[in-house]
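# Descriptive analysis of the structure
Below are the chains, spelled out letter by letter.
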Amino acid sequence: DGGITQSPKYLFRKEGQNVTLSCEQNLNHDAMYWYRQDPGQGLRLIYYSQIVNDFQKGDIAEGYSVSREKKESFPLTVTSAQKNPTAFYLCASRKQRGRNEKLFFGSGTQLSVL
Amino acid sequence: RKEVEQDPGPFNVPEGATVAFNCTYSNSASQSFFWYRQDCRKEPKLLMSVYSSGNEDGRFTAQLNRASQYISLLIRDSKLSDSATYLCVVSISSGSARQLTFGSGTQLTVLP
């Protein structure tokens, strides 16, 4: 079955440590996105990518980095510069053609600071 | 002003009630509109797209008012399983990119 796989489901980070969240999709979607969700709030865009080897900053990119070396993969690194990383992180993908292209989500990664 | 604003929650309604959520958007260039449902600590899942003429899917009805820049979601005969957070999502086109903006969500609890 096609879908988006995020791993790990839970991740703990020590002070000053970089951690990488994995996101893989086999839906042949062009666009991929990373969102952050804090309790009681909506999703905020961190980074997005329209095509391989290209990505753009979203609204809250500081302290994060991404890469898009393959169409299927869009890993997110939470760097030590992100001072408040505890949140629920969601990866998503969608086709680019058409006006009502739907967004498909992975099951999320809960990141906590030790 | 937020780009996408939703009714503040939480909504606590009895089983069988009809409940409506509103969502306003500020960018008149917005092109596509969606309602997503999110259960606690789970990923959002598409409930329905919203079309200009309005659309219905079983107990759920979505409406779009471009002139007033709002969309709505009506749930009839609410079930316990409808308890969730409902996210309003608006899509704009920015050059070759298409970005989605999420509302902060409205929490619904259906009580027995």
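Structure first, text after, so check above.
Anyway, here's the lowdown on the structure attached to this text.

### Some words on the state of the cysteines
- Scanning the model with the defined rule gives two disulfides over all chains in all.
- Note on cysteine connectivity: Cys23 of chain A is disulfide-linked to Cys91 of chain A, with sulfurs 1.9 Å apart. Between Cys23 of chain A and Cys91 of chain A the sulfur-sulfur dihedral comes to about -75°; the bridge is accordingly left-handed. Pair noted here: Cys23 of chain A is in strand β3 (residues 19-25) and Cys91 of chain A is in strand β9 (residues 87-94), with a separation of 68 residues, a long-range link. This pair shows no difference in class: Cys23 of chain A is buried, exactly as Cys91 of chain A is.
- Between Cys23 of chain B and Cys88 of chain B runs a disulfide, and the two sulfur atoms are separated by 1.9 Å. Residues Cys23 of chain B and Cys88 of chain B are joined through a disulfide that is left-handed, its torsion about the S-S bond being -70°. Of this pair, Cys23 of chain B sits in strand β3 (residues 19-25) while Cys88 of chain B sits in strand β9 (residues 84-94), placing them 65 residues apart in sequence.

### Some details on the interface of chain A and chain B
- Each partner contributes residues to the interface: chain A has 25 residues there, and chain B has 22 residues.
- Along the contact surface separating chain A from chain B lie two residue pairs in polar contact (both at pLDDT 80 or more).
- For the side of chain A that touches chain B, the elements supplying multiple residues, two or more each, are β4 (31-37), β5 (43-49) and β9 of chain A.

### With respect to the packing of aromatic side chains
- The full count for this structure, using the stated rule, is 13 aromatic pairs over all chains.
- An aromatic cluster of three or more residues is present, and its members are Tyr33, Tyr35, Tyr48 and Phe105 of chain A together with Phe34, Tyr36 and Phe102 of chain B.

Criteria and thresholds
- Residues numbered from 1 in each chain as written.
- Chains lettered and ligands numbered in written order.
- Predicted model: local features only at pLDDT ≥ 70, side-chain atom pairs only at ≥ 80, totals over all residues.
- Heavy atoms only, no water.
- Disulfide = S-S within 2.5 Å.
- Helix = DSSP H or I, 4+ residues; strand = E, 2+ residues; numbered from the N terminus.
- Buried < 20%, exposed > 50% of the residue type's maximum accessible area, 1.4 Å probe, protein only.
- Contact = heavy atoms within 4.5 Å.
- Polar contact = N/O pair within 3.5 Å; in protein donor to acceptor, adjacent residues only side chain to side chain.
- Phe/Tyr/Trp six-rings, centres within 6.5 Å; stacked < 30°, edge-to-face > 60°.

From the geometry alone we can't say anything about function, so treat these as descriptive.
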